[in-house]
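Structural overview
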Amino acid sequence: MAAIGFVVALACLILQTSGVLAEIRSGSDFLSPELRRQQADETRNPGFFWVEQGRELFTRKPAGEGQACIGCHAQPQQSLRSAATRYPQIDAAAGRLLNLEGRIEQCRVERQGQPAFGYETPELLSLTAYLASLSRGLPMQVRTDGPAQPFYEAGKAFFERRQGQLNLSCQQCHDGLVGQKLRGDTISHGAGTGYPAYRLEWNDVGSLHRRLRACSLGVRATQFEAGGPEYLALELYLASRATGLPVETPAMRR
């Protein structure tokens, strides 16, 4: 019955409007005033527990011969201050697209000689939240030209393509229905500038790819692997749409 209700609600919204909003706005703009205040307050935003855990992991020496992250990245508040604003980005050596989680995993395996944490593990979420928080308030500025262009185009095609049993595209909701209510929540532009984010429905911090998988499930489409090429390309496209918007990690979302 819940699935039927979702379909009916979404169908009604699509019939109500076909307009497209040109200005991309942060997801925080669609929160209640109280949630915005809580998000801005480090003592009340639960996401900062993950930031603190990530800060501790950053300074912890791993097992074996590897050194701690801070051994290479001294004074991260300065040296990594704007790093998150440029992800996803192309890894020049490998020629592949990496998001911030992917870069952390690459460093852990190749530089520290440790097994990868894995998507949605507390360790990877915490480190990602910490590193992204160092860019909090700075504008997104990913590159989509040169070697990144094919990935950008793939992400754009994903965003515009109708998918799943409901035959809906990301664009229909996150352009055409922005500001409308769906099952008690307000539809936003889908900017990923606050992830990893603390979502009330999860009662937990989760990655952007966890949210994308939930969207795929919502329209009864294929859920791709977190960290896989499909969602990485979509993440790049969403980050490009969000150019100029500030990083808000750890954001709060409903």
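Residues numbered from 1 in each chain as written. Predicted model: local features only at pLDDT ≥ 70, side-chain atom pairs only at ≥ 80, totals over all residues. Heavy atoms only, no water.

**Structural notes on unusual backbone geometry**
Note the cis peptide between Y87 and P88, where omega equals 0°. The topology assignment puts P88 in the loop between α5 (76-79) and β1 (89-91). P250 follows T249 through a cis peptide bond whose omega is 0°. Inspection of the secondary structure assignment puts P250 in the loop between α11 (229-241) and β7 (252-253). Residue Q75 is not a glycine yet carries a positive backbone phi of 50°. A positive phi angle, close to 55°, is found at N203, a residue other than glycine. Among the structural elements, N203 can be located in the loop between β5 (197-199) and β6 (204-206). (Helix = DSSP H or I, 4+ residues; strand = E, 2+ residues; numbered from the N terminus.)

**Remarks on the domain arrangement of the chain**
Once the domains are mapped, the chain shows domain 1 (2-6 + 24-41 + 141-253) and domain 2 (47-60 + 74-133). Domain 1 and domain 2 are separated by 20 Å when their C-alpha centres are compared. Contacts between the two partners involve 24 residues from domain 1, matched on the other side by 21 residues from domain 2. Between domain 1 and domain 2, a total of about 1900 Å² is buried, with carbon and sulfur atoms accounting for 72% of that surface. On the domain 1 side of the contact with domain 2, Q141, V205 and P250 bury the most area, a combined 24% of that side's loss. Scanning the region where domain 1 abuts domain 2 turns up zero salt bridges. Along the contact surface separating domain 1 from domain 2 lie three residue pairs in polar contact (both at pLDDT 80 or more). Looking at the side of domain 1 that touches domain 2, the elements with two or more residues in it are β6, α10 (208-218) and α11. (Domains from an automatic or database assignment. Contact = heavy atoms within 4.5 Å. Buried area = accessible area lost by both parts, 1.4 Å probe. Salt bridge = Lys/Arg side-chain N within 4 Å of Asp/Glu carboxyl O. Polar contact = N/O pair within 3.5 Å; in protein donor to acceptor, adjacent residues only side chain to side chain.)

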